[in-house]
Amino acid sequence: MKEYVVDDKVNYEFLVHRSVFTEQEILKMEQDEIFNKCWLFIGHDSEVPNKGDFHRKKVGGRNLLFTRSSDGEIRALYNSCSHRGALVCRESTGNSKVFRCFYHAWSFNNKGELVGMPGKEAFPETFNCDGAKNLKEVVRLENFRGFYFVNFDDNAMSLEDYLGNAKEYLELIADQSELGMEVLQDPQQYSVRANWKLLAENSVDSYHGMPTHKTYFDIVSTRGGELSKDDLKGVGNDLGNGHGVVEYKAPWGRPVARWIPAWGEDGKKEIDEIKAKLVGKFGEERAERITSFNRNLLIFPNLVINDIMAITIRTFYPIEPGYMEVTGYALAPKGETEQFRHRRNDNFLEFLGPGGFATPDDNEALELCQEGFLNNKEVEWNDISKGMIREQPESNDEEQMRAFWRQWDHVMSKKAGRVHV
Ligand code: FES
Ligand code: FE
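### Points about the overall build of the protein chain
No. 1: When helices and strands are tallied, the protein chain shows 11 helices and 20 strands.
No. 2: Taken over C-alpha atoms, the radius of gyration comes to 23 Å for the protein chain, in line with the 22 Å a tight globule of 421 residues would show.
No. 3: The principal-axis extent of the C-alpha atoms belonging to the protein chain is close to 75 × 60 × 35 Å.
No. 4: For the protein chain, the proportion of its 421 residues judged to be buried stands at 53%.
No. 5: Taking the contacts inside the protein chain whose residues are at least 6 apart along the sequence as the reference set, 63% of them involve residues at least 24 apart.
No. 6: In the form shown here, the protein chain has an accessible surface area of approximately 19100 Å², with 48% of it arising from carbon and sulfur atoms.
No. 7: Charge separation in the protein chain, taken as the distance between the mean sites of 53 positive and 68 negative side-chain charges, equals 4 Å.

The following block contains the structure:
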């Protein structure tokens, strides 16, 4: 049986076979073993604050509705009419008591129950007595600190067990405001002509920061973000279950709560207040970690939360081996002042937005990799060994990517009937 991942702990070499980025057969196995069985992020509770709020979501290839029903419960409904299959909801977001299908006008309330159909007299009285004609609901929908995930495998382990050590990092983000966090509307959606796993790697890859994003770092240094050799230094960790993280000191301003001279004395006063509140609640050490450190978190398989100069939630899904669709959200503390929200949005768009200094450069790098794989099949292996020789890998090593690949290989090996050692 073909090996796709070589984890040679004796010779400190970690290799990934490049066919995993190009083969249709691999994508099919990923859909079966990964996207049909892992917990996948669907949305944040702040997206549906009121009864009747809904968002259309594409998760694991499915068309879903993420909605807060009239009973106050958050639900994930399949957006497919129980009559003949049409998308029941065509709006990307809104508030509604009822979803009415465009095709034959069957109507469903926001719990998914069938409440109206033209020509009802042509059906027996017992029609839909068992609820079989209601919109189907995703059985497994669970949340951790307001981050909602679905799993299409009804027998999957609980979300909390799945997240495991990644929970600590989600808490460092969720704790940034006592009022809670909120997703800022609307999401950014774009596509990249590259394999989805390249973006999983890239999102926790500090090694590429300086070379790929040099222009951005030049700008940071002109704003009094003191950029020294030690900035971006920190740790890279395998969190288990395929999750990985890098955590490192911020060279840039963080609206929560690391000041830079470009934000002026007013900004400093406000930052000091935010910090003092966090110290009061969590103590000096944890408050310092929340405010002065960045974290790029990868939750297997396709959720990235980067808490850097702003916070982005990013998910991505493969349409083809060499083509993915990406959705990016900005997350922010509720109750932030207008001026700080403005600074946060500037920070977000400048680096993380699809027209910023980072995202287009990253996408260019990923597309170059994809092209390199396609046209050079004789060059078989990617090297992801950096930092294997260290007991504690650093943030610009590649341990957090190895975490992803170890789980990927574990899951895919089971499918292939190969016992992984
Ligand atoms: Fe929806 Fe017919 S497909 S009412
Ligand atoms: Fe980047």
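Continuing now.
### Topic: the nonpolar core
No. 1: Membership of the largest hydrophobic core comes to 84 residues, with the highest contact counts inside it found for Val-150, Trp-405 and Trp-408.
No. 2: With six residues, helix H11 (residues 399–416) is the largest single contributor of residues to this core.
No. 3: Counting residues in hydrophobic clusters, the runner-up holds 18 residues, among them Ala-250, Trp-252, Met-309 and Ala-310.

### Re helix H6 (residues 214–222)
No. 1: Within H6, burial applies to Tyr-216, Phe-217 and Val-220. One side of H6 holds all its buried residues, which, seen down the axis, span an arc of 95°.
No. 2: Packed against the buried residues of H6 are helix H5 (209–212) and helix H9 (338–352).

### A look at H9
No. 1: Helix length check: H9 (15 residues) gives 20 Å between terminal C-alpha atoms against 21 Å at 1.5 Å per residue, within 8%.
No. 2: Every buried residue belonging to H9 is among Phe-340, Arg-341, Arg-343, Arg-344, Asn-347, Phe-348, Glu-350, Phe-351 and Leu-352, and all of these are buried.

### Some thoughts on the layout of surface pockets
No. 1: In this structure, the largest pocket occupies an estimated 600 Å³ of space.
No. 2: If you go around the largest pocket, you meet 29 residues; those closest to its centre are Arg-56, Lys-57, Lys-58, Gln-189 and Thr-327.
No. 3: For the lining of the largest pocket, the elements supplying multiple residues, two or more each, are strand S3 (40–44), strand S4 (53–59), strand S13 (181–192), strand S18 (311–320) and strand S19 (323–333).
No. 4: In terms of residue class, the lining of the largest pocket is built from 11 nonpolar, 12 polar and six charged.
No. 5: Approximately 400 Å³ is the volume found for the second largest pocket.
No. 6: Taken together, 20 residues line the second largest pocket, and the ones lying closest to its centre are Gln-176, Ser-177, Ile-274, Lys-277 and Gly-335.
No. 7: In terms of residue count, the dominant contributor to the lining of the second largest pocket is helix H7 (residues 264–282) (seven residues).
No. 8: A per-class count over the lining of the second largest pocket returns eight nonpolar, four polar and eight charged.

### Considering the pairing of strand S6 (residues 74–78)
No. 1: Of all five residues in S6, four are buried, a share of seventy percent or more.
No. 2: Sheet topology places strand S5 (residues 62–68) next to S6; five bridges connect them, and they run antiparallel. Bridge pairing in S6 places Phe-66 opposite Ala-76.

### Concerning the pattern of salt bridges
No. 1: In the structure shown here, the tally under the stated rule is 31 salt bridges.
No. 2: A salt bridge links Glu-178 to Lys-277; the shortest N-O distance between them is 3.9 Å. One end of the pair, Glu-178, is in the loop between helix H3 (167–174) and S13; the other, Lys-277, is in helix H7, with 99 residues separating them in the sequence. Take Glu-178 and Lys-277: they sit in the same class, and that class is exposed.
No. 3: A salt bridge links Asp-397 to Lys-386; the nearest nitrogen and oxygen atoms lie 3.1 Å apart. Linking Asp-397 in the loop between strand S20 (381–383) and H11 with Lys-386 in the loop between S20 and H11, this pair joins segments that are 11 residues apart in sequence.
No. 4: When its relative accessible area of 24% is taken as the criterion, Lys-386 is described as partly exposed.
No. 5: Bridged by salt links that share partners, the residues Asp-7, Lys-9, Asp-238, Glu-399, Arg-402 and Arg-406 form one connected network.

Cut-offs and rules
Residues numbered from 1 in each chain as written. Chains lettered and ligands numbered in written order. Predicted model: local features only at pLDDT ≥ 70, side-chain atom pairs only at ≥ 80, totals over all residues. Heavy atoms only, no water. Helix = DSSP H or I, 4+ residues; strand = E, 2+ residues; numbered from the N terminus. Rg over C-alpha atoms; globule rule 2.2 N^0.38 Å. Buried < 20%, exposed > 50% of the residue type's maximum accessible area, 1.4 Å probe, protein only. Contact = heavy atoms within 4.5 Å. Areas by Shrake-Rupley, 256 points an atom, 1.4 Å probe, with all protein chains shown as cover. Lys, Arg positive; Asp, Glu negative; His and termini not counted. Charge placed at Lys NZ, Arg CZ, Asp CG, Glu CD. Core = buried A, V, L, I, M, F, W, Y, C linked by side-chain atoms within 4.5 Å. Arc of directions from axis to C-beta. Expected span 1.5 Å × (residues − 1). 1 Å grid on protein atoms, 1.4 Å probe; cavity = no way out; pocket = protein on both sides within 12 Å on 5 of 7 lines; lining within 4 Å. Points joined across faces, edges and corners; volume = space filled by probe spheres on them. Nonpolar A, V, L, I, M, F, W, Y, C, P; charged D, E, K, R; others polar. Pairing = 2+ DSSP bridges. Salt bridge = Lys/Arg side-chain N within 4 Å of Asp/Glu carboxyl O.

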